[in-house]
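Structural overview for review
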Amino acid sequence: MKPSSILIIGCGDLGLRTAKHLQTDHWRVHGVRRNTDKLPKEITAHRADYTRPGSLDFIADLAPDFVLATLNPFDRSEAGYRAGFDRAMANILAGLGQHRPRHIIMSSSTRVFAEQDGGWVDESSPLTESDPWGRAIVDAERRLLDAGLPGSVVRFGGIYGIPGGRLLARVRRGELCPPEPISYTNRIHREDCAGFLVHLLRQAEADATLLPVYLGVDDLPAPRYEVESWLARELAAPLQGEERSAARQEATQHNRVGHKRCRNDALHMSGYSLVYPDYRSGYGALLKAL
């Protein structure tokens, strides 16, 4: 049987990890990014800026069986989010021309939800109307899901697992966020991000019906201070308690955009088993590898 082909657009860390799994199944992997020098030789490279109209017009001739869009903002401005998500998805759909992939998956973000008071959300929860950055992602999702093509969106929580990240460096210095007000966070290890995407792609290859939206998060939403204080203990970092000075506290406002608790029932119902079901197992494995 002819191996399946996939085009991974925005082929960074997540795309590369997904590609590595698929190549063990002999999938033919194509990758799009601005700097293709960072792509391994096993991936057929396509140099393009997916935020530019016409940059992806080669997709129709390539005719991949599957498309994975791992999009990122062009920069942190509202316009950068609009370019990196909504405009990018418009360019992807235009580049397909008359070609109809067997399935398109877009990696999205839990930022799209309207909830800001720590409540629970699932795939059907209301989406933001007040956050322009989140709206840019919402609009990209809707472009895909309204395009009349087989497509799914995976809304990932905070992706972690990179050694030497800013959070670990800050916690090592004893600079924890304040315990109050409580700010719930949702996360997923990068290995589970790639693993879940591969799981869905393999199901689509087997002609299973995928849901239009999934939440890609682990089993344990947790207050940010709980996570950071646990990490501090594991790192034997200098905890300064109630006496720590304002200069040593992280200068941050209450994260209302991220203040929600995400359910992952659809992830489990898909048959995927998390490698790291909570922050303790995920960060524990990361710390052992340091």
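Refer to the structure above for everything that follows.
Within every chain, residues take consecutive numbers counted from 1 along the sequence as written. Selection of residues for local features in this predicted model requires a pLDDT of at least 70, selection of side-chain atom pairs for listing and counting requires 80 or more, and totals for whole chains, interfaces and linings are taken over all residues. For the side-chain quantities, the full set of heavy atoms in the structure was used; hydrogens and water were omitted.

**Notes on the overall build of the protein**
Segments assigned H or I by DSSP are reported as helices when at least four residues long, segments assigned E as strands when at least two residues long, and all are numbered from the N terminus. Secondary structure summary: the protein contains nine helices and 13 strands in total. The globule rule puts the C-alpha radius of gyration for 290 residues at 19 Å, and the 20 Å found for the protein is close to it. Principal axes of the C-alpha set define a box for the protein whose edges measure 65 × 40 × 35 Å. Expressed as a percentage of its 290 residues, the buried residues of the protein come to 51%. When checking whether two residues touch, look at their non-hydrogen atoms; a contact exists if any pair is within 4.5 Å. In the protein, of all internal contacts separated by at least 6 residues, the share reaching a separation of at least 24 is 77%. When the accessible surface of the protein is summed, it comes to about 13,600 Å², and 50% of that surface belongs to carbon and sulfur atoms. This count recognises Lys and Arg as positive and Asp and Glu as negative, with His and chain-terminal groups excluded. By convention, the charge on Lys lies at NZ, on Arg at CZ, on Asp at CG and on Glu at CD. With 37 positive and 36 negative side-chain charges, the protein shows a separation of 4 Å between the mean positions of the two kinds. Between the two quantities, the radius of gyration covers C-alpha atoms and the globule rule is 2.2 Å times the number of residues to the power 0.38. Exposure classes here rest on a 1.4 Å probe applied to the protein chains alone. A residue is buried below 20% of its type maximum, exposed above 50%, and partly exposed in between. Surface exposure here means Shrake-Rupley accessible area, sampled with a 1.4 Å probe, where a residue is shielded only by the protein chains that are shown.

**Observations regarding the packing of helix H3 (residues 78-96) against helix H4 (residues 132-145)**
Here H3 crosses H4 at 5°, and the two axes come no closer than 8 Å. Taken together, the axes of H3 and H4 are roughly parallel relative to one another. Where H3 approaches H4, its residues Glu-78, Tyr-81, Arg-82, Phe-85, Asp-86, Met-89, Ala-90 and Leu-93 are matched on the opposing element by Pro-132, Trp-133, Arg-135, Ala-136, Ile-137, Asp-139, Ala-140, Arg-143 and Leu-144. By the convention adopted, Pro, Cys, Tyr, Trp, Phe, Met, Ile, Leu, Val and Ala count as nonpolar, Lys, Arg, Asp and Glu as charged, and the other residues, Gly among them, as polar. When grouped by side-chain class, the residues that make up the contact of H3 with H4 number eleven nonpolar, no polar and six charged. Angles run from 0 to 180 degrees between N-to-C directions of axes, and those axes are lines fitted to C-alpha atoms, restricted for helices to the stretch in contact. Small angles under 35 degrees read as roughly parallel and large ones over 145 as roughly antiparallel, with 65 to 115 read as roughly perpendicular and the rest as oblique.

**Points about the packing of helix H7 (residues 224-235) against helix H9 (residues 279-289)**
At a closest axis distance of 11 Å, the pairing of H7 and H9 adopts a crossing angle of 35°. In this structure, H7 meets H9 at a crossing whose hand is right-handed. Taking contact as the criterion, the partners of Glu-226, Val-227, Trp-230, Leu-231, Glu-234 and Leu-235 in H7 are, on H9, Tyr-279, Arg-280, Tyr-283, Gly-284 and Leu-287. Broken down by class, the residue content of the contact of H7 with H9 amounts to seven nonpolar, one polar and three charged. Left-handed is the label given to a crossing in which the near helix is rotated counterclockwise from the far helix by less than a right angle, and right-handed is the label when the rotation is clockwise.

**Describing the pattern of salt bridges**
Salt-bridge detection follows one rule: a side-chain nitrogen of Lys or Arg within 4 Å of a carboxyl oxygen of Asp or Glu. By the definition in use, this model includes 20 salt bridges. When the shortest N-O distance is used, the salt bridge between Arg-17 and Asp-13 registers 3.2 Å. Taken together, the residues span about one helical turn, with Arg-17 and Asp-13 both in helix H1 (residues 13-23) at a distance of four residues. Here Arg-135 makes a salt bridge to Glu-129, at a shortest N to O gap of 3.6 Å. According to the relative accessible area criterion, Glu-129 is exposed, its value standing at 65%. Within the structure, one salt-bridge network assembled from shared partners comprises Arg-82, Asp-86, Glu-129, Arg-135, Asp-139 and Arg-143.

**What to know about H4**
In this scheme, a helix's expected span is set at 1.5 Å multiplied by one less than its residue total. For H4, with 14 residues, the first-to-last C-alpha span of 20 Å sits near the 20 Å given by 1.5 Å per residue. The set of residues buried in H4 consists of Gly-134, Arg-135, Ala-136, Ile-137, Val-138, Ala-140, Glu-141 and Leu-144. Those residues of H4 that are buried are in contact with H3, strand E5 (103-109) and strand E7 (151-156). Near the N-terminus of H4, the side chain that reaches the backbone nitrogen of Trp-133, with its oxygen 3.2 Å away, is that of Asp-131. Between N or O atoms, a polar contact is any pair within 3.5 Å; within protein, one atom must be a potential hydrogen donor and the other a potential acceptor, and residues adjacent in sequence are included only when both atoms are from side chains.

**Concerning the packing of aromatic side chains**
Each Phe, Tyr or Trp ring (for Trp, its six-membered ring) is paired with any other whose centre lies within 6.5 Å, and the angle between the two planes then decides the class: stacked below 30 degrees, edge-to-face above 60, tilted in between. If you walk through the whole model with that rule in mind, you get six aromatic pairs. A ring pair is formed by Tyr-160 and Tyr-283, whose centres lie 4.3 Å apart and whose planes are at 20°; its orientation type is stacked. A residue pair is termed long-range when its members are at least 10 positions apart, and Tyr-160 in strand E8 (residues 158-160) and Tyr-283 in helix H9 qualify at 123 residues. Residue classification places Tyr-160 among the buried residues on the basis of a relative accessible area of 7%. Ring geometry for Phe-196 against Tyr-272: centres 5.6 Å apart, planes inclined by 50°, an arrangement best described as tilted. Of this pair, Phe-196 sits in helix H6 (residues 190-205) while Tyr-272 sits in the loop between helix H8 (265-269) and H9, and the two are 76 residues apart along the sequence. The exposure class of Phe-196 is buried, given its relative accessible area of 0%.

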